[in-house]
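This is what each chain is made of:
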Amino acid sequence: VSSEPTFEAAQKELEQIVQRLESGETGLDEAIALWERGEELYRFCLGKLDSAQGKIEQLASRVEASKP
Amino acid sequence: VKVEASLYGDRKVFSVSAFNRGIATWLQRLPTVWVEGEVTELKRHQRWQSVFFTLKDPADGACLGVSMPRGQFDGLRLGLADGDHVHAYGRPELYAARGEFRLRALSLERFGLGDHLAALERLKRKLAAEGLFSAERKRALPVWPRTIGLVTGNDAAAKRDVLAGIQTRFPPAHVVVAETYVQGPRAAGAVVEALRRLSEVPGLDVVVVARGGGSFEDLLPFSDERLVRAIASCAVPVVSAVGHEQDTPLCDLAADVRASTPTAAARLVVPDLRELHERLDRARSGLERGARRSLESKVGRLEQAHERLRRAPALLVERRRAGLEHAAGRLRTLSPRATLNRGYAIVRADEAIVRSATSVESGERIEVEVGDGRFGARVE
């Protein structure tokens, strides 16, 4: 993903791709291209969620440590 | 009582003492009555058995001396001062030693409550018309007061209640106490002065005016126009905790918030630190739970999309393949090969299909196509 879309934009695009693919109206070549794009978006979203999860754990442990 | 007189010839002569006693005795037969008047020349001494004052008729200045047993007078706690209107209940009496006529009072009541009420009502209407009590003027109390001014009597339970309430709920608050008269003719001015002193305290956030319950008269200073105006124009919000629930001194109306008791005032003026901590803790754990839940739902949605994404191309190819097979099937049905398989043959001469027996000659080379291939033949 070149210009860092937001998580929501990436997720939306991914879901639109899935819908198009499932509609079966795309050509084969286009379907393959869409799949590749979808996988790319999936990896991007997953990375975002992983880093969010990391931040949550970090905050939670800091909160735990600061409890009186 | 028989009053003895001396006889000088036919003249009957009384001694002063006998005369006074006689009159005194006769006066005792008169009934006990209520007399209304204005108190003047009030004299009360510890050494004296009685308290003395003069009742004056405000209409024409007529005067009547009154005596009252000191214990009884003190017990009434009227706090009388010259000029006060009273109803005195008693009987006429002659002080025999001096021949002084006066009223021996058994009880006393302040008169003029109605006057007071009427004056209060007038003042209330006037200040209300000025908008002094209007809801728009009410200021919200600070949420986190650091410095709290407290106007109260010097040893009042009200003071103790407010201080205890504030200390328990919100220990970091700093309370500046301005002790003052809260009763009597000097109270109103003293409270105004206390408010002024407090207003000079740096960083003052809010003021509590606290006074316990009392009689209507006791609370009158808190309806004094100067005091009411001072409260309304106070630079910081004011909580009024004066008297009991049913009393409504005008200062209650002018204050930003009214508290039914001094303890209630403490509750209004500071937050409960412990409760705040608990709420904060709850919010904090809610925060973490919320973040996790939101993340989980996003992960779920993403994985679902991914699953569908993964399956879609294969499904697409599968569908295409099925379509292809279908088309191939139909193609096969339509082609002549099926017919040939059933035993028919196509005969060609010079690549042209032979459709008539007369179009070939004996000895001509032809080509025969059957279900599984072709072979050459010669016409006989």
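Everything numeric here is computed off the predicted structure, so don't read it as measured data.

(A) Expanded view of the overall build of chain A. Scanning chain A from terminus to terminus reveals two helices and zero strands. Once local pairs closer than 6 in sequence are excluded, the contacts in chain A between residues at least 24 apart make up 69%. Counting only carbon and sulfur atoms, one obtains 54% of the accessible surface of chain A, whose full area is about 4400 Å².

(B) Representation of the sheet that holds strand 14 (residues 352-353) of chain B in the model. In space, the four strands of this open sheet follow the order 14-13-15-16 (chain B), with antiparallel pairing throughout. The open sheet has two edge strands, strand 14 and strand 16 (373-378) of chain B, and neither has a second partner.

(C) How the structure looks around the interface of chain A and chain B. Contacts between the two partners involve 32 residues from chain A and, on the opposite side, 21 residues from chain B. Broken down residue by residue, the surface that chain A buries against chain B is led by Tyr42(A), Leu49(A) and Ile56(A), which jointly contribute 22%. Between Arg301(B) and Glu15(A) there is a salt bridge, with its nearest N and O atoms 2.9 Å apart. Taken together, the connections running from chain A to chain B amount to six residue pairs in polar contact (both at pLDDT 80 or more). Of all elements in the fold, only helix 1 (7-23) and helix 2 (28-66) of chain A reach the threshold of two or more residues within the side of chain A that touches chain B. Examining the composition of the side of chain A that touches chain B, we find that 17 residues originate from one element, helix 2 of chain A, more than from any other. When grouped by side-chain class, the residues that make up the side of chain A that touches chain B number 17 nonpolar, nine polar and six charged.

(D) Focus on the confidence of the model for chain B. Mean pLDDT over chain B: 89, with 98% of residues reaching 70 or higher. Two summary scores accompany this predicted model of the complex, namely pTM at 0.48 and ipTM at 0.75.

(E) Focus on the packing of helix 5 (residues 187-199) of chain B against helix 7 (residues 225-232) of chain B. Residues and elements named next belong to chain B. Running from amino to carboxyl end, helix 5 crosses helix 7 at an angle of 20 degrees, the nearest separation of the two axes being 8 Å. Between helix 5 and helix 7, the interaxial angle falls into the category roughly parallel. Where helix 5 crosses over helix 7, the two elements pack in a sense that is left-handed. Contact with helix 5, carried on its side by Ala188, Gly189, Val191, Val192 and Leu195, involves Arg226, Leu227, Ala230 and Ile231 of helix 7 and no other residues of that element. Along the lines of polarity and charge, the residues of the contact of helix 5 with helix 7 split into seven nonpolar, one polar and one charged.

(F) Focus on the nonpolar core. All names here are of chain B. If you look at the biggest cluster of nonpolar residues, it comprises 31 residues, and the most contacted ones within it are Val151, Leu195, Val207, Val209, Phe222 and Ile231. Counting residues per element, the ones that place at least two in this core are helix 3 (113-129), helix 5, strand 10 (204-211), helix 7, strand 11 (238-242) and helix 8 (250-254). In terms of residues, this core owes the most to one element, helix 7, which gives five residues. If near-sequence neighbours (up to four positions away) are discounted, Val209 is found in contact with Val151, Leu195, Phe222, Ile231, Val238, Val239, Ser240, Ala241 and Val242. Grouped together as the second largest cluster of nonpolar side chains are 21 residues, Val162, Ile166, Val208 and Val269 included.

(G) Representation of unusual backbone geometry in the model. Residues and elements named next belong to chain B. In this structure, Glu41 takes a positive phi of about 50 degrees despite not being glycine. Along the chain, the position of Glu41 falls in strand 3 (residues 33-43). Glu41 sits in the partly exposed class, given a relative accessible area of 46%. For Arg77, which is not glycine, the phi torsion reads 50 degrees and is therefore positive. Relative to the helices and strands, Arg77 resides in the loop between helix 2 (70-76) and strand 6 (85-95). For Arg77, a relative accessible area of 76% gives the class exposed.

(H) Quick look at the environment of Ala9(A). Within the secondary structure, Ala9(A) is located in helix 1. Each C-alpha atom, one on Ala9(A) and one on Leu41(A), is 9.7 Å from the other, the two residues being 32 residues apart in sequence.

(I) Layout of the packing of aromatic side chains. Residues and elements named next belong to chain B. The final tally for this structure, using the stated rule, is three aromatic pairs over all chains. For the ring pair Trp34 and Tyr89, a centre distance of 4.7 Å and an interplane angle of 40 degrees mean the geometry is tilted. One end of the pair, Trp34, is in strand 3; the other, Tyr89, is in strand 6, with 55 residues separating them in the sequence. Looking at Tyr89, the relative accessible area reads 30%, which means it is partly exposed. Ring geometry for Trp144 against Phe170: centres 5.9 Å apart, planes inclined by 45 degrees, an arrangement best described as tilted. Of this pair, Trp144 sits in the loop between helix 3 and strand 8 (147-152) while Phe170 sits in the loop between helix 4 (157-169) and strand 9 (174-179); the two residues are 26 residues apart in sequence, bridging distant segments of the chain. Note that Arg102 overlies the ring of Tyr95, its terminal NZ or CZ placed 4.6 Å from the centroid.

Criteria and cut-off values
- Here, residues in each chain are numbered from 1, in the same order as that chain's written sequence.
- Chains and ligands are labelled by the order in which they are written, letters from A for the one and numbers from 1 for the other.
- The model is predicted, so local features are restricted to residues of pLDDT at least 70 and side-chain atom pairs to those at 80 or more, both for listing and for counting; the totals for chains, interfaces and linings are taken over all residues.
- By convention in this description, side-chain values take in all heavy atoms of the structure and omit both hydrogens and water.
- Secondary structure follows DSSP: runs of H or I at least 4 residues long count as helices, runs of E at least 2 residues long count as strands, and numbering of each begins at the N terminus.
- Residue contacts are defined here by distance: any two heavy atoms, one from each residue, within 4.5 Å place the two residues in contact.
- Areas reported here follow the Shrake-Rupley algorithm with a probe of radius 1.4 Å; residue values treat only the protein chains shown as occluding.
- Pairing between strands requires that DSSP locate at least two bridges from one strand to the other.
- Using a 1.4 Å probe, buried area is obtained as the accessible area two parts lose upon being combined, added over both of them.
- Within this document, salt bridges are pairs made up of a side-chain nitrogen of Lys or Arg and a carboxyl oxygen of Asp or Glu, the two lying within 4 Å of each other.
- Distance and chemistry together define a polar contact, namely a pair of N or O atoms within 3.5 Å, with one atom able to donate a hydrogen and the other to accept it when in protein, and with adjacent residues in sequence counting only for side-chain atoms on both sides.
- We call Asp, Glu, Lys and Arg charged. Ala, Val, Leu, Ile, Met, Phe, Trp, Tyr, Cys and Pro are nonpolar, and the rest, Gly among them, are polar.
- Residue-level confidence of the predictor is what pLDDT reports, using numbers from 0 through 100.
- A fitted line through C-alpha atoms serves as each axis, taken over the contacting stretch for helices, and the angle formed by two N-to-C directions is quoted from 0 to 180°.
- Note on angle classes: values under 35 degrees are labelled roughly parallel, values over 145 roughly antiparallel, values of 65 to 115 roughly perpendicular, and the remainder oblique.
- Each crossing is labelled by how the near helix is turned from the far one, with a counterclockwise turn of less than a right angle marking it left-handed and a clockwise turn marking it right-handed.
- Each nonpolar core is a collection of buried residues, namely Ala, Val, Leu, Ile, Met, Phe, Trp, Tyr and Cys, held together in the definition by side-chain atoms within 4.5 Å.
- Here the term buried applies to any residue with accessible area under 20% of the maximum for its type, exposed to any over 50%, and partly exposed to those in between, with areas from a 1.4 Å probe on protein chains only.
- Here a Phe, Tyr or Trp ring, Trp counted by its six-membered ring, pairs with any other such ring whose centre lies within 6.5 Å, and the pair is stacked when the planes are under 30 degrees apart, edge-to-face when over 60, and tilted otherwise.
- A ring is scored as having a charge over it whenever the NZ atom of a lysine or the CZ atom of an arginine sits within 6 Å of its centre and within 35 degrees of its normal.

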